[in-house]
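# Observations on the model geometry
The residues making up each chain are set out below.
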Amino acid sequence: MREIKITGRESGQRLDRYLEKYMPDAPKSFFYKMLRKKNIVLNGKKSTGKERIEEGDSIKLFLADETIENFRSTVNQKKPQTMVKTKDPLVVVYEDDEVLVVNKPVGVLSQKADKNDRSMVEMIVDHLQKEGGEDTFRPGICNRLDRNTSGLVVAGKTVRSLQEVNRLFQERTINKRYLCIVHGRLTKKQHLEGYLVKDSKSNKVTVSSTARPDAVPIATEYEPLQWGELQGETYTLLQVHLITGKSHQIRAHLASIGHPLLGDVKYSTPKWIQADKQHFRQSMQLLHAWKLQVPEGAKLQAAGREWKAALPKHFYNIMQRLNMTTEGY
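So, a few notes on the structure that sits alongside this text. (Residues numbered from 1 in each chain as written. Predicted model: local features only at pLDDT ≥ 70, side-chain atom pairs only at ≥ 80, totals over all residues. Heavy atoms only, no water.)

## Brief notes about the nonpolar core
Counted only if it meets this: In these notes, a set of buried Ala, Val, Leu, Ile, Met, Phe, Trp, Tyr and Cys residues joined through side-chain atoms within 4.5 Å is what counts as a nonpolar core. Per-residue accessibility, obtained with a 1.4 Å probe over protein chains only, is compared with the maximum for each type, and a residue is labelled buried under 20%, exposed over 50%, and partly exposed between these values. Helix and strand assignments follow DSSP, with helices taken as H or I runs no shorter than four residues and strands as E runs no shorter than two, numbered in order from the N terminus. Note on contacts: a residue pair is in contact if any heavy atoms of the two residues lie within 4.5 Å.
If you look at the biggest cluster of nonpolar residues, it comprises 27 residues, and the most contacted ones within it are Tyr178, Cys180, Leu238, Val240, Ile250 and Leu254. Sorting the residues of this core by element identifies strand E5 (99-104), helix H5 (120-128), strand E7 (150-156), strand E8 (175-183), strand E12 (233-242), helix H7 (249-256) and strand E13 (287-293) as the ones contributing at least two each. The element best represented in this core is H5, accounting for six residues. Excluding anything up to four places from it in sequence, Leu238 contacts Tyr178, Leu179, Cys180, Val182, Leu186, Tyr222, Glu223, Pro224, Leu225 and Leu254.

Printed below as a string of structure tokens:
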């Protein structure tokens, strides 16, 4: 018989989901059969698997150790990942018992695209890693940024906080503000709406004003903050409110109205792509997830808080080159 005590990080999830993580090589039908036969019990009582487990709960497995370990072979084979020194170490903006907020640098993926990638998820897991015990919880990020977009990424440190932050993002109650520099002069605050279509082969999206079966509605707001000039060209620093959070939304939406992001080789024009490389040595979109505000009613210690991520050095340098003030950013 093996007894497992539930930790605070794991509380709030269903018993059957926990068992699937604890013994990932077992078929789901196995758990329900063992629960019916009372070979797996929660706090000494027969369970269906749908119960929510809480901190301090006891799960008893009346199974042979060999059976348990066979169903845990995937877990046991995983070797601890060696810490890899990166050019940009993890920059923590905020941390409490429930969430971790970091400033993602340019060039780092939010999640792995290849098994050899070292993404923000791995960096965050290393930061939060707890040694020993039977804890099955793996911290997860709640919002993703493109590889070359910098700024705020939020991770849940417990099952409950991960569920809550994901809910807030899905319901769009977390206020998301980005900073970017675009080509041309924009002088008024604007609310944009449209429909976005993704081409998975090219990993590119297009924005149109009319709906179609494969399109999703999008909404973006922007507010001009500063203007600059170089070589006869005008540039605008924008604060962008991302209302809907679709892939490449800000880049494609602004390009669709004739104001592509500085450095964006995917959505800009050949003329401006060449100018950005020549004048700024910039061949990636200048886009930064600047602020996040959690609503007052959130079921988190961080309810009502606003987080702000410092701009990366190259963003400041370009602002200075355009004679824009960097105070307050």
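## Side note on the packing of helix H1 (residues 15-22) against helix H2 (residues 28-36)
Heads up, the condition is: Under this scheme, a helix contributes an axis fitted over its contacting stretch, all axes are lines through C-alpha atoms, and angles between N-to-C directions fall in the 0 to 180 degree range. Note on terminology: angles under 35 degrees are roughly parallel, angles over 145 are roughly antiparallel, angles of 65 to 115 are roughly perpendicular, and the others are oblique. Crossing handedness: left-handed means the near helix sits turned counterclockwise from the far one by under a right angle, and right-handed means the same turn made clockwise. Residue polarity is assigned by list, with Asp, Glu, Lys and Arg as charged and Ala, Val, Leu, Ile, Met, Phe, Trp, Tyr, Cys and Pro as nonpolar; anything else, Gly included, falls into the polar class.
Where H1 meets H2, the axes come as close as 10 Å, and the angle between the chain directions of the two elements is 125°. Classed by the angle they form, the pair H1 and H2 counts as oblique. You can see that H1 and H2 cross each other, and the crossing is right-handed. Residues Leu15, Asp16, Leu19 and Glu20 of H1 lie in contact with H2, whose contacting residues are Lys28, Phe31, Tyr32 and Leu35. Taken together, the residues of the contact of H1 with H2 sort by class into five nonpolar, no polar and three charged.

## Thoughts on H5
Among the nine residues of H5, seven are classified as buried, and the element is accordingly described as predominantly covered. When H5 is considered as a whole, its buried residues turn out to be Met120, Val121, Glu122, Met123, Ile124, Val125 and Leu128. Lining the buried residues of H5 we find strand E4 (92-95), E5, strand E6 (140-141) and E7.

## Some details on the environment of Lys188
Looking at the element boundaries, Lys188 is found in the loop between E8 and strand E9 (190-199). Here Lys188 falls in the exposed class, since its relative accessible area comes to 58%. For Lys188, the residues in contact, after removing those within four places along its chain, are Tyr222 and Pro224.

## With respect to the pairing of strand E11 (residues 216-230)
Looking along a regular strand, one sees side chains alternate from face to face of the sheet. Note the threshold: Here, any two strands with at least 2 DSSP bridges between them count as paired.
Bridging between E9 and E11 involves seven bridges; their strand directions are antiparallel. By the bridge assignment, Leu192 is partnered in E11 with Thr220. Inspection of the sheet shows E11 paired to E12 by 10 bridges, in the antiparallel sense. Across the sheet, residue Gly228 finds its bridge partner in E12, namely Tyr235. Hairpin connection, E11 to E12: the antiparallel pair is bridged by two residues, and Gln231 has positive phi, about 50°.

## Focus: the packing of aromatic side chains
Heads up, the condition is: A pair of Phe, Tyr and Trp rings is counted when the ring centres sit within 6.5 Å of each other, with Trp represented by its six-membered ring. The angle between the planes then sorts it: under 30 degrees is stacked, over 60 is edge-to-face, the rest tilted. Criterion for a charge above a ring: Lys NZ or Arg CZ within 6 Å of the ring centre, and within 35 degrees of the ring normal.
The full count for this structure, using the stated rule, is six aromatic pairs. A ring pair is formed by Tyr18 and Tyr22, whose centres lie 6.1 Å apart and whose planes are at 20°; its orientation type is stacked. Linking Tyr18 with Tyr22, this pair stays in helix H1, spanning four residues, or about one helical turn. What makes Tyr18 buried here is its relative accessible area of 0%. An angle of 85° between the planes, with centres 5.6 Å apart, marks the rings of Tyr235 and Phe280 as edge-to-face. Remark: Phe280 occurs in helix H8 (residues 270-280) and Tyr235 occurs in strand E12; sequence separation between them is 45 residues. Here the aromatic cluster, defined as three or more aromatic residues joined through ring pairs, consists of Phe30, Phe31 and Phe71. Just above the ring of Trp290 sits the side chain of Lys291; from NZ or CZ to the centre is 4.3 Å.

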